[in-house]
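What the coordinates show
The chain contents come next:
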Amino acid sequence: MIHCDKCKTVNPPEQRYCLTCHRDLLPGTSFFVRVLGFIIMLGIAAFAAWVLWKMYQAEDVPDLGCFVSSPIWWGLLAVIMPIAGLVFLFKRTPIHERYLDRAKRHLTLDQQQALADLNEALRLAPEKARAAILKERGKLLDALGQTQQALRDRIAVAEDASAHDAGGDVVSLLGADKDTFVNKMREQDRSLLRSAGAVAIGYCRGCRMPVELNEKSRCPRHPHRKVSDIRLAVPEDTKTIKAEIIENRKREDRKRLISWIIVILAILLLYFTFKYIIMA
Ligand SMILES: [Zn+2]
Ligand SMILES: [Zn+2]
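Presented here is a report on the structure given in the accompanying data block. (Residues numbered from 1 in each chain as written. Chains lettered and ligands numbered in written order. Predicted model: local features only at pLDDT ≥ 70, side-chain atom pairs only at ≥ 80, totals over all residues. Heavy atoms only, no water.)

The next subject is the layout of surface pockets. Taken as a whole, the largest pocket spans an internal volume of roughly 350 Å³. Lining the largest pocket are 16 residues, with Lys135, Arg154, Val157, Ala158 and Asp189 sitting closest to its centre. Elements supplying a minimum of two residues to the lining of the largest pocket: helix H5 (130-143), helix H6 (147-159) and helix H8 (178-195). Residues of the lining of the largest pocket, tallied by class, amount to six nonpolar, three polar and seven charged. Taken domain by domain, the lining of the largest pocket gets at least three of its residues from each of domain 1 (2-158) and domain 2 (165-197). Lining the second largest pocket we find 14 residues, and of these Glu127, Arg130, Leu134, Ala156 and Asp160 sit closest to its centre. For the lining of the second largest pocket, the elements supplying multiple residues, two or more each, are H5 and H6. Considering each element in turn, the lining of the second largest pocket owes the most residues, five residues, to H6. (1 Å grid on protein atoms, 1.4 Å probe; cavity = no way out; pocket = protein on both sides within 12 Å on 5 of 7 lines; lining within 4 Å. Points joined across faces, edges and corners; volume = space filled by probe spheres on them. Helix = DSSP H or I, 4+ residues; strand = E, 2+ residues; numbered from the N terminus. Nonpolar A, V, L, I, M, F, W, Y, C, P; charged D, E, K, R; others polar. Domains from an automatic or database assignment.)

Turning next to the coordination of the zinc ion (ligand 1). All of the protein donors around the zinc ion (ligand 1) are Cys4 (SG), Cys7 (SG), Cys18 (SG) and Cys21 (SG); their distances to the metal are 2.2 to 2.4 Å. When its relative accessible area of 1% is taken as the criterion, cysteine 4 is described as buried. (Donors = N, O, S within 2.8 Å, 3.2 Å for Na, K, Ca; no water. Buried < 20%, exposed > 50% of the residue type's maximum accessible area, 1.4 Å probe, protein only.)

Turning to the coordination of the zinc ion (ligand 2), a few remarks are in order. The coordination sphere of the zinc ion (ligand 2), as far as protein atoms go, consists of Cys204 (SG), Cys207 (SG), Cys219 (SG) and His222 (ND1), spread over 2.1 to 2.3 Å. Sequence spacing of the donor residues for the zinc ion (ligand 2), all on one chain, is C-x2-C-x11-C-x2-H. Of the two residues, cysteine 204 is situated in strand S3 (residues 199-204) and histidine 222 in the loop between strand S4 (209-212) and strand S5 (227-233); the sequence distance between them amounts to 18 residues.

A few words now on the packing of aromatic side chains. Under the defined criterion, the tally for this structure stands at five aromatic pairs. Centre to centre, the rings of tryptophan 73 and tryptophan 74 are 5.0 Å apart; their planes meet at 90 degrees, and the pair counts as edge-to-face. Classification of tryptophan 73 by relative accessible area gives partly exposed; the value is 26%. Connected via pairs of aromatic rings, a cluster forms that spans Phe47, Trp50, Trp73 and Trp74. Note that arginine 249 overlies the ring of tyrosine 203, its terminal NZ or CZ placed 3.6 Å from the centroid. (Phe/Tyr/Trp six-rings, centres within 6.5 Å; stacked < 30°, edge-to-face > 60°. Lys NZ or Arg CZ within 6 Å of the ring centre and 35° of its normal.)

Okay, structure coming up:
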């Protein structure tokens, strides 16, 4: 059931507008939030401009070798922030965000409605917006006692390619290595999920097939062989994931074979061309 956020009327799930006050039951970002966001972003731009002015007046700015002391960084901030603010002020709220917002509002009002909205948000969301919705749904499924399904969502969030991109960008701004950070976070995610009941599966070079890995992410029969294509899974999905790994490897092998054929053909072509030139 959809609870109207204006008059609190409880509407049937398929209702688009409130039965009592006719309010849109799938509203976009409110006017107040838009204006507030715009003002905050303008404030940041003004601060950046002030810092630039101070840098200009002091003339020789001590360069700490860090992004904070770079006038380029502050200049970018002063230019980009007002544009971002305008976009935020006038942007149409995408439909999947509307469902996500409504789901969050219903987490305490009606959990089944929240779940239905999250499923709809997930169906409509573009690839890069999925992780945030999966995270929300995982929490809700846990609360509903559907632990297997919840774990599946948490695995999907952890295995999302961009899972730690934002954090990685921050550490790289601070001068640390992004890849090291992302790998470390992934390792941490994996051990957390495994203690929650997930199994790790990987392709063992020794067995020549995907196997269930031990707690050190190694093949139990070949603890010293390299393991690749590591994936996490809910125990009942083990078979499917193994099949996926085999399918992926076949595809990779085909690609490798084709690139080898191209390289060999290119070498042959070069060889005969040179031969022809020398003979002529
Ligand atoms: Zn209403
Ligand atoms: Zn093995």
